[in-house]
Amino acid sequence: MTALYDLSARELGRAYRERSLSPVDVVQAVLAHIARWEPHLQATYLLRPDAALEQARASQARWQRGEARGPLDGVPVTIKENIATRGDPIPSGTAAVELRAAAADAPPAARLREAGAVIVSKTTMPDYGMLSSGLSSFHTLARNPWDLTRTPGGSSAGAGAAAAAGYGPLHIGTDIGGSLRLPAAWCGIFTLKPSLGRIPIDPPYMGRAAGPMTRTVLDAALMMQALAQPDARDSMSLPAQDIAWSSADVAVDRLRGVRIGLLLDAGCGLAVEPEIRAAVTQAARLFEQAGAIVAPMRPFMSQAMLDGMDHLWRMRSLTDLNALPPAQRARVLPYIRQWAESAAAFSGEHVFRAFSQFHATRAATVAACAKYDYVISPVSPNMPAPAEDPSPTNDPLRPLEHIGFTVPFNMSEQPAASINCGYSEGGLPIGLQIAGQRFDDLGVLQIARAFELIRGPQRAWPEPPPV
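Each value, and the rule that gives it
Residues numbered from 1 in each chain as written. Predicted model: local features only at pLDDT ≥ 70, side-chain atom pairs only at ≥ 80, totals over all residues. Heavy atoms only, no water. Helix = DSSP H or I, 4+ residues; strand = E, 2+ residues; numbered from the N terminus. Buried < 20%, exposed > 50% of the residue type's maximum accessible area, 1.4 Å probe, protein only. Contact = heavy atoms within 4.5 Å. Axes fitted to C-alpha atoms, helices over the stretch in contact; angles between N-to-C directions. Parallel < 35°, antiparallel > 145°, perpendicular 65-115°, else oblique. Left-handed = near helix turned anticlockwise from the far one by under 90°. Nonpolar A, V, L, I, M, F, W, Y, C, P; charged D, E, K, R; others polar.

## A short note on the side chain of S391
Following the sequence through the fold, S391 ends up in the loop between β9 (374-378) and α13 (407-411). Relative accessible area serves as the criterion here: at 2%, S391 is assigned to the buried category. Excluding residues within four positions of it along the chain, S391 makes contact with Y335, A385 and P399.

## Topic: the packing of helix α7 (residues 217-227) against helix α14 (residues 441-455)
Each pair of packed helices can be summarised by the angle the axes make with each other and by the distance between the axes. α14 packs onto α7 with a crossing angle of 155° between their chain directions and a minimal axis gap of 9 Å. Judged by the angle between their axes, α7 and α14 are roughly antiparallel. α14 is crossed by α7, and the crossing has left-handed handedness. Touching V217, L218, A220, A221 and M224 of α7 are L445, A448, R449 and E452, all from α14. Split into classes, the residues belonging to the contact of α7 with α14 amount to seven nonpolar, no polar and two charged.

## Description of the environment of G93
Along the chain, G93 falls in the loop between β2 (76-80) and α4 (107-114). Put simply, G93 and Q446 are 353 residues apart on the chain and 34 Å apart in space, counted from C-alpha to C-alpha. Discounting chain neighbours no more than four positions away, the residues touching G93 are E81, M125, P126, D127, S136, S137, F138 and H139.

## Some remarks on α4
Counting buried positions over the eight residues of α4 gives six, a clear majority of the element. Taken as a whole, α4 has its buried residues at P107, P108, A109, A110, R111 and L112. Where α4 is buried, its residues touch β2, β4 (170-175), β6 (209-214) and α7. Where α4 terminates, the next one or two residues include G116, which has phi positive at roughly 85°.

What follows is the structure, encoded as structure tokens:
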């Protein structure tokens, strides 16, 4: 029998409706499972069992009265710590931040609370969300449940680890260059980085998106029903749209005749490791066997584009660090300080040229994708680094060499998902990226669901080490 903490959100909603399970039973099981895993993973921030059980009891009473708020009522969820929850501080992963209680829920947290989801915990992240790892000057180091010596990825580090380890079925993170998709790939889960503005977020920023992190495509679609509701606080949000998210549940024949581009070379950064290339190539064969038309793509990114984005982000971070008192600035992770301080020598012209690479990336991505319905590629060129390393290169002057496949879709505002497509010889998950045209978030979910069906079941999820 499937353990309660391993049940999907769809299964839980069905069980609640049938009165065969209660939210209190489920949340108790999830909390007990977290207690077994958490000494090893360190994925949580503000884990409050009493508050979670109070929410579960309120949900249970709503179900008993026939007044449930919808399919997410009583379903356990975690929220990345940089998404504000009312009354809670937001450290943004760094010891340099003065902790102040948030005045209100940010839009994603507000939508989940309104839907009756049980907020079990916040999840950890690295300093300022600027690392693809769980290394933080504020939080304890987060680890990958598939291999505790490896990173879960980042910056949605705790969320990725929590989803893979079974801290309930629903999790939400954020992404500005790959921070949803990288931990999803390295932890073997599913995520959707939606079109910019599809899920309102506060504060909004160029390329920044929030998205669901789940074990299944259909659970992500279920979350989108709540998360994609409008919120005026996001000045970059899309107009409200009636999207039939439940129609993500498609059959394999959805792939027949679909034009898919196969991108195996990012054009910049690290070379793709052989095991990853083989897994993505096999995924392309499965698409072809299901009737899709798969064609190879030439790389459209360049090292100049990647470096330009890196250099502007360095200058932005240096400006932020310089605004801190010296004692607070000294608390920032040394790797982040070294990375940001390298921008001190940049001229105004250099920064302007760096900024221009954001639009160059956008234009190149849109043009390259125009003749395809969807584009598939590796999520990352490399397998997860050691947990203690801040980045795959462990070099603050080459920090983004692993995001060549992910970051272009932030800049082009296109939806892009990560779904497991295989495992390394050592048993670590490998992620396939599926990107769609701008605004086609539902289509990406449908293609991912069809792939989920042709891929077949994943390996058993990792269990906590024996006591």
